Amino acid sequence: MPRTDEDSGLRAALWAVAITGALFTAASPFVLGKGAPLGVAIGAFVAAFNLWALARIVRAFMNGAGLPWVLLAAFKLVGLLALVALVLKLEVAAVVPLAVGYVALPVGIVFAQLGNARSRAVTAPETHPGIEPDSGPMPRDGHLKG
């Protein structure tokens, strides 16, 4: 199957979330204490897995897959909540480190979008010869070209 811009955008977001999670995990002993890295790493893993699974589910649903994918989305939500509850119940990690790790999801997505915006600026009309920056139907002076 050919790769699309959506695939490269998702790949960039997944990498950004993973890198952000790794940075948060590396910084966590200095900010949250010696026991925090495992919790932050688990939270970051849950965040990256959630993004990956949600992207697959949405893509399948938008392509007309229907009810089975909706059920899978509900199962994913319950599964992730059960995983977090189990980690907390077994006292593998505390709530705050898990939450800090999960914050890698929105922060990573923002970083991926910032990188994507930079690459889109390269293809702005000003960089292509023969395309005027304001090539809309009405010129700046308000008179139609004719």
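Because the structure is a prediction, the values reported are computed rather than measured.

Definitions and cut-offs
- Residues numbered from 1 in each chain as written.
- Predicted model: local features only at pLDDT ≥ 70, side-chain atom pairs only at ≥ 80, totals over all residues.
- Heavy atoms only, no water.
- Core = buried A, V, L, I, M, F, W, Y, C linked by side-chain atoms within 4.5 Å.
- Buried < 20%, exposed > 50% of the residue type's maximum accessible area, 1.4 Å probe, protein only.
- Contact = heavy atoms within 4.5 Å.
- Helix = DSSP H or I, 4+ residues; strand = E, 2+ residues; numbered from the N terminus.
- Arc of directions from axis to C-beta.
- Expected span 1.5 Å × (residues − 1).
- Axes fitted to C-alpha atoms, helices over the stretch in contact; angles between N-to-C directions.
- Parallel < 35°, antiparallel > 145°, perpendicular 65-115°, else oblique.
- Nonpolar A, V, L, I, M, F, W, Y, C, P; charged D, E, K, R; others polar.

Engineer: Honestly, the nonpolar core in this entry has me stumped. Any pointers?
Structural biologist: The biggest cluster of nonpolar side chains holds 11 residues, and these are Leu10, Ala13, Ala16, Val17, Ala44, Ala47, Ala48, Leu51, Ala104, Leu105 and Ala112. With sequence-adjacent residues up to four places away left out, Leu51 is seen in contact with Leu10, Ala13, Leu14, Val17, Leu105 and Ile109. Among the nonpolar cores identified, the runner-up in size contains six residues, and Ile42, Leu80, Val87 and Ala93 belong to it.

Engineer: Quick question: what am I supposed to make of helix 4 (residues 95-102) here?
Structural biologist: Owing to its 3.6 residues per turn, the α-helix brings residues three or four apart onto one side. Buried within helix 4 we find Pro97, Leu98 and Gly101. Taken down its axis, helix 4 places every buried residue within 100° of arc, on the same side.

Engineer: Sorry, what's going on with helix 2 (residues 36-62) here?
Structural biologist: Between its first and last C-alpha atoms helix 2 spans 39 Å; for 27 residues at 1.5 Å apiece the expected length is 39 Å, and the two agree. Positive backbone phi, approximately 90°, marks Gly64, located one or two places after helix 2.

Engineer: I'm lost on the packing of helix 2 against helix 3 (residues 67-89) in this one. Help?
Structural biologist: What describes two packed helices is the angle between their axes and the distance between those same axes. Close contact between helix 2 and helix 3 brings their axes to 10 Å; oriented N to C, the two are set at 175°. The orientation of helix 2 relative to helix 3 falls into the category roughly antiparallel. Side by side, helix 2 and helix 3 meet where Ile42, Val46, Phe49, Asn50, Ala53, Leu54, Arg56, Ile57, Ala60 and Phe61 of the first sit next to Trp69, Val70, Leu72, Ala73, Lys76, Leu80, Leu83 and Val87 of the second. Counted by class, the contact of helix 2 with helix 3 contains 15 nonpolar, one polar and two charged residues.

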